[in-house]
Amino acid sequence: MVAVAKPSAPSATHWAVETAELTRRYGTARALNRLDLTIPWDQRLAILGPNGAGKTTLLRIVATLVRPTSGQITVGGLALPGQAAAVRRHIGLVSHQTFLYEELTARENLLFYGRLYRVANPRERADLLLERVGLTERADDRVRTFSRGLQQRLALARAVVHDPSILLLDEPDTGLDVAGLDLLSRLAVDESGRRRTVLLTTHDLQRAIALSDRVVVLANGVVILDRAAERVDTVMLDRAIRGESFAGKETS
Amino acid sequence: MNGWLGQVSALLWKDLLTELRTRELLGGMALFAFLVLLTFNFAFDLRIDNVGSVAPGILWVAFSFAGILGLGRSFVQEKDRGAMDGLLVAPVDRAAIYLAKFLGNLFFMLVVEAIALPVFTMFFNFGIATPALALVIFLGTAGFAAVGTLFAAMAANTRARDVMLPLLVFPICVPVIIASVAATSLVIDGGTLTNHLGWLEMLAAFDLIFGILCFVVFEFVVEE
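Just so it is clear, the model here is predicted, and its values are computed rather than measured. (Residues numbered from 1 in each chain as written. Chains lettered and ligands numbered in written order. Predicted model: local features only at pLDDT ≥ 70, side-chain atom pairs only at ≥ 80, totals over all residues.)

1. Concerning the overall build of chain B
- What chain B contains, in helices and strands, is 9 helices and 0 strands.
- The helix and strand sequence of chain B, counted from the amino end, reads α-α-α-α-α-α-α-α-α.
- In terms of overall size, chain B behaves like a compact globule, its C-alpha atoms giving a radius of gyration of 18 Å where 224 residues would be expected to give roughly 17 Å.
- Seen along its three principal axes, the alpha-carbon backbone of chain B occupies a region of about 60 × 35 × 35 Å.
- Looking at chain B as a whole, 46% of its 224 residues qualify as buried.
- Long-range contacts, defined as pairs at least 24 residues apart, comprise 83% of the intrachain contacts of chain B with a sequence gap of at least 6. (Helix = DSSP H or I, 4+ residues; strand = E, 2+ residues; numbered from the N terminus. Rg over C-alpha atoms; globule rule 2.2 N^0.38 Å. Buried ≥ 20, exposed ≤ 12 C-beta atoms within 10 Å, placed from the backbone. Contact = placed C-beta atoms within 7 Å.)

2. Looking at the pairing of strand β2 (residues 29-39) of chain A
All names here are of chain A.
- Of the strand pairs in this sheet, strand β1 (residues 17-26) and β2 are connected by 7 bridges, and their pairing is antiparallel. Each residue of the ladder has a partner; that of E18, found in β2, is T38.
- Between the antiparallel neighbours β1 and β2 lie 2 residues, among them G27 with a positive phi of about 65 degrees. (Pairing = 2+ DSSP bridges.)

3. As for the sheet that holds strand β4 (residues 70-75) of chain A
Residue and element names in this part refer to chain A.
- Read from one edge of the open sheet, 4 strands run β2-β1-β4-β5, paired in antiparallel fashion. Each edge of the sheet is formed by a strand with only one pairing partner; in this case those strands are β2 and β5 (78-80). On average, each strand axis in the sheet is tilted by 30 degrees relative to the strand beside it, whichever way the strands run.
- The sheet contact formed by β1 and β4 spans 5 bridges and is antiparallel. Its bridge partner being in β4, T23 is matched across the sheet by S70. (Axes fitted to C-alpha atoms, helices over the stretch in contact; angles between N-to-C directions.)

4. Digging into the interface of chain A and chain B
- In this complex, chain A contributes 21 residues to the contact, which on the side of chain B involves 20 residues.
- Every element with two or more residues in the side of chain A that touches chain B is listed here: α2 (84-88) and α3 (106-116) of chain A.
- A per-element tally of the side of chain A that touches chain B places α3(A) first, with 3 residues.
- Residues belonging to the side of chain A that touches chain B are distributed by class as follows: 11 nonpolar, 3 polar and 7 charged. (Nonpolar A, V, L, I, M, F, W, Y, C, P; charged D, E, K, R; others polar.)

5. Re the domain arrangement of chain A
Residue and element names in this part refer to chain A.
- The assigned domain composition of chain A is domain 1 (17-90 + 165-251) and domain 2 (102-163).
- Counting from both sides, the interface comprises 11 residues of domain 1 and, opposite them, 10 residues of domain 2.
- Broken down by element, the residue count for the side of domain 1 that touches domain 2 peaks at 4 residues, all from helix α6 (residues 178-187).
- A breakdown of the residues in the side of domain 1 that touches domain 2 according to their chemical character gives 6 nonpolar, 3 polar and 2 charged. (Domains from an automatic or database assignment.)

6. So, the pairing of strand β8 (residues 197-201) of chain A
Residues and elements named next belong to chain A.
- For β8, a buried count of 5 out of 5 residues is recorded, marking the element as mostly surrounded by other parts of the structure.
- Alternating residues of β8 divide into T197, L199 and T201 and V198 and L200, and every residue in both groups is buried.
- Examined bridge by bridge, strand β3 (residues 44-48) and β8 share 4 bridges and lie parallel to one another. Within β8, the residue paired with L45 across the bridge is L199.
- Inspection of the sheet shows strand β7 (residues 166-170) paired to β8 by 5 bridges, in the parallel sense. Paired with D170 across the bridge in β8 is T201.
- Regarding the hand of the β-α-β motif, the stretch spanning β7, α6 and β8 is right-handed. (Right-handed = clockwise from strand over helix to strand, strands pointing away.)

Here is the structure:
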């Protein structure tokens with residue numbers, strides 16, 4: 001087992017993520033509108049909704065990249081934006097963009113991020129993750145020679161280089177093949193078998209149901225559907241996203 | 001080295017390695033400095049009696065114009081490929097990002113200046129490389145890079161970043177360029193160190209004040 005300089009986990013007595021009347025405006029548009037949401041530790045939550053529903057904004061607020069306009073949000077009991085520096089140690093983010101440096105090799109990219117996150121043995125950690133995402137043979141190739149799918153695999157490895165307890169996946173399936181998609185569920189568990197808390201946004205409804213324990217549908221920055229994943233199907237989700245059958249919030 | 005300085009060295013290592021492989025920055029800056037010197041070579045008739053007043057201006061125009069070209073590229077890699085979010089989501093002190101970028105920019109500018117000086121000597125048939133001049137160039141370049149690194153981060157967030165950067169940097173850097181030109185002129189005229197002291201002190205004070213200021217406010221520039 002590779003030693004990772006992991007900070008002490010946030011208090012387990014708190015929710016992994018808790019929001020209260022969380023609002024984010026861009027000009028006059030409200031991306032999030034007084035959003036109340038609690039996410040327990042170890043839960044895999046799929047956040048769905050049409051374009052502009054507020055999915056990415058929510059993930060970017062949790063990732064400390066965007067500040068809320070009003071309302072409260074805590075991540076592991078740590079309030080944002082005040083304790084953003086402490087929160088960053090516990091989150092990993094996979095976004096539309098890979099955050100990779102194309103002129104560096106796959107190993108060098110992981111080594112770089114490992115050093116940024118102060119991982120104890122970044123070389124060993126990089127090698128372990130390259131093996132987990134099936135890139136050992138391409139470890140010394142520059143990222144610019146990788147296909148989009150391979151870059152996304154490496155981006156997944158980058159996101160867990162510091163073994164985060166909360167994983168934020170913002171449409172992570174971009175360019176991934178079937179084996180790559182399988183990685184998503186495997187990386188939702190750390191090396192010791194402990195489940196990470198996962199917040200996932202995607203437009204693939206089947207994948208959302210398959211990868212998550214709970215599904216939330218957002219529309220205009222508010223929750224319009226909140227159910228256990230086994231109690232939803234793609235037809236129901238599709239209708240909710242189109243706004244056809246759920247005039248108010250439905251929770252399980 | 002796994003602490004704050006480890007993060008600075010990781011960021012610096014990444015920039016230097018990328019540049020070593022692409023040579024985009026140094027190649028462009030060096031070529032630009034060469035072209036500026038070449039243009040001035042045809043524009044001015046440099047003689048012994050006017051060298052002290054003309055040469056420093058030529059040198060610092062070449063240095064600052066080539067420098068602004070490099071500064072403009074320093075955050076593009078992060079911005080174009082979305083990697084800035086990758087840095088900001090990591091538990092990295094924003095000041096560490098600033099320091100690494102500043103050191104990288106300073107290094108690239110000094111390398112280009114080291115290339116430009118012999119070119120200047122060749123074009124104008126006038127050798128000026130002395131330890132005193134090296135000190136002036138270092139202090140002047142450090143001040144320019146300190147301010148330029150901050151504004152490069154700011155301009156990277158704007159659409160017209162290539163236009164914005166010189167408009168932001170040059171007004172603030174007027175004192176450092178004036179002091180650098182004046183100190184260089186004194187060095188060329190063969191004055192003693194005490195003759196330059198006033199300008200050197202001004203350069204050092206500018207570097208210190210703006211270096212600390214930019215180091216502190218960088219966080220507010222890159223954070224939302």
